[in-house]
Amino acid sequence: MTSRRSGADLVACATLVGLDVAVIVALWPTLVRPLWYDEAWRAYHISVGAGWFETLRTANAPLSFGWFTVEKLAVTVGGNTEGVLRLPQIVALIALSLFTYALGRWWLSRPAATIVAGLLSVNGGLLVYGMQLKSYLPEATCAVATLYLWLRARCAVTAGGSPWRAQLGMAVCAVMSVTSLFVLAPLLLLDVLDAGQAVGSRRPAVLRLIGSVLVGATGAVHLALFVLPQSYLAANPYWRNFFITRNTAVGQLRTAGWELPRNAFTAAMTRPDGQFGSPFTGSPLLADPDQRLHVCVIAGALLCWAVGSYVAARDRAGRALLVALGGTLLLIVLASARGQWPVGFVRANLFVVPLLYVVAGIGASALVGLARSRIGHARIGRVWRIRRSVMVIPVLAVPLAVVVAAAVAVTAVSAQRILQIRASAYSPLLLGDMRELVATAERTARPGDIQIVIPGRWDERQWYKAQQYYVSYYSGYQASALPRLPIAEVNTLVLPPLGWNTSIPAFLAARPDAGALYLITYNLVFPNSLHSLDSMLAALGWCPDDTGRRSWPLTGQLTRFIHCPPPATATR
């Protein structure tokens, strides 16, 4: 019997892996394309050698030690390329589906757990963000793995075994993901309550508490020593509108509550994204494929979550699931009130989506099981009980129709999202041609050349990081394959989009023997500003080399300047 069960689980896992492979193949063009802005600054930090921790203090968003280490190891083994950098996310997609299946098996049948994990694998939001060089898929995987390993630890103690192996896995999750503590903290609180009830009677529960304390300490140390020092985001206004304040609390919570059922299953992008030049395709069912699908998805989500919560609350493991999910949402609200974490359906909170899927799966499975049971009681052998049939079938038909319609809608939207993501691989992206820009500059640069870099926003150093990553990217090529001579940092001036009237003359005056000048202006630098910049450089004795001016959509323009020829002297 055990071997038969193991074989059935292997078939389910193989099915999920096959689905993941199919998704990866469908999205392959997006996995090998050049990095765009949000990915490139992460790649820069991963490629930094000595002094890497100090540079992390300027990261756009905090990175976890575990994910950062895995990425560095991948680059060391496979090379500093886009495909290798995205490889850990591909592995995380497979791990997410398998851990979701394993977690779902605590309450669901094999087919039901397989369906839940399969639908999660094609979730639009997780695929859009997770398959980029970002940590959202590992974070979602760690959220599911943390709860699953916690349940395994409790089960091991109940059976008289040791929880240490499972707790070691929880500690790994705590350093692998910045968000693991949101899920871990409520579960550790349950451990404290269990140990308090077991004092004097159950020594294993106390031993398990010791392991839980060590797991929590590991996460706290990682948070204090590695995550919090990455404080650049605290001063960045990007997420400021997603923090809860006294004046916005009601509106923010109302919006967050509305977004979860509307977007968790179908959205391909989250707030505040969708900016021009980003790879976020398709808004959350606004018009395409059909706004009327909102009704099916929202009704199905609310019904399945309500029934799933009721069913889970009757089970000890189910109560742990609800505590983990509810505690996570509460901690997000508290962190948002402190200005430390955004609230609502934003990409930073995608790690909650797998837990929402599991609760919905429990509810949908319970409704289907109830329908089968009631229909079975409505008949005796081959004879239907007319009175029961008239009462039972209509009552069950409505919720079942809602569940089926929601499942079909989610599946259809997920398929379309995959097609949208694949199509986006051939669209221009913000800084998406940085690889070609850097290659063009390095093919023509010579010793003594200088460069001025003007990004398109005031956080100019973040844009410059994209260029620096591709400088390190090409350092792995043989000179015969790509003649290259990167311009030294000391001969580089990085400026904000405006206010260069004093910086540029001083920079050029300090380098009177410079060879050529490379001016790199990224997108969003306005044409009028570029014309005035050309005029300024001409007044300083630099003229554009007409053969050295190239531009790339949504990335920028590269212009090679040379010393202006001396004016011709008049002759009699």
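See above for the structure.
Procedures and definitions
- Residues numbered from 1 in each chain as written.
- Predicted model: local features only at pLDDT ≥ 70, side-chain atom pairs only at ≥ 80, totals over all residues.
- Heavy atoms only, no water.
- Helix = DSSP H or I, 4+ residues; strand = E, 2+ residues; numbered from the N terminus.
- Expected span 1.5 Å × (residues − 1).
- Buried < 20%, exposed > 50% of the residue type's maximum accessible area, 1.4 Å probe, protein only.
- Salt bridge = Lys/Arg side-chain N within 4 Å of Asp/Glu carboxyl O.
- Axes fitted to C-alpha atoms, helices over the stretch in contact; angles between N-to-C directions.
- Parallel < 35°, antiparallel > 145°, perpendicular 65-115°, else oblique.
- Left-handed = near helix turned anticlockwise from the far one by under 90°.
- Contact = heavy atoms within 4.5 Å.
- Nonpolar A, V, L, I, M, F, W, Y, C, P; charged D, E, K, R; others polar.
- Pairing = 2+ DSSP bridges.

### Some details on helix H14 (residues 293-313)
With 21 residues, H14 extends 30 Å from end C-alpha to end C-alpha; this agrees with the ideal 30 Å at 1.5 Å per step. Turning to H14, its buried residues number three or more, namely His 294, Val 297, Ile 298, Gly 300, Ala 301, Cys 304, Trp 305, Val 307, Gly 308 and Ala 312.

### Remarks on the pattern of salt bridges
Taken as a whole, this structure holds twelve salt bridges when the rule is applied. Measuring nitrogen to oxygen at the nearest pair gives 3.9 Å for the salt bridge that ties Asp 9 to Arg 105. Of the two residues, Asp 9 sits in helix H1 (residues 2-26) while Arg 105 sits in the loop between helix H6 (82-104) and helix H7 (110-121), which places them 96 residues apart along the sequence. The exposure class of Arg 105 is partly exposed, given its relative accessible area of 28%. A salt bridge links Asp 534 to Arg 549; the nearest nitrogen and oxygen atoms lie 3.7 Å apart. Highlighted residues: Asp 534 in helix H21 (residues 527-539) and Arg 549 in strand S6 (residues 542-552), separated in sequence by 15 residues. One network of salt bridges, in which partners are shared, links Asp 9, Arg 105 and Arg 110.

### Looking at the packing of helix H5 (residues 65-78) against H6
Across the interface, H5 lies against H6 with an axial gap of 9 Å and an inter-helix angle of 130 degrees. On the basis of the axis angle, H5 is oblique to H6. Here H5 runs over H6; the crossing is right-handed. Residues Trp 67, Val 70, Glu 71, Ala 74, Val 75 and Gly 78 of H5 touch H6, and the partners they reach there are Val 84, Leu 85, Pro 88 and Gln 89. Residue composition of the contact of H5 with H6, grouped by class: seven nonpolar, two polar and one charged.

### A word on the pairing of strand S7 (residues 556-563)
Working note: regular strand, side chains alternate between the two faces of the sheet. The pairing of strand S5 (residues 517-522) with S7 spans six bridges and is classified as antiparallel. Of the residues in S7, the one forming a bridge with Tyr 522 is Gly 556. In the sheet, S6 pairs with S7 via seven bridges, with the strands oriented antiparallel. For Arg 550, the partnering residue across the bridge sits in S7 and is Leu 558. Counted between consecutive antiparallel strands, the loop separating S6 from S7 contains three residues, among which Leu 554 sits at a positive phi close to 65 degrees.

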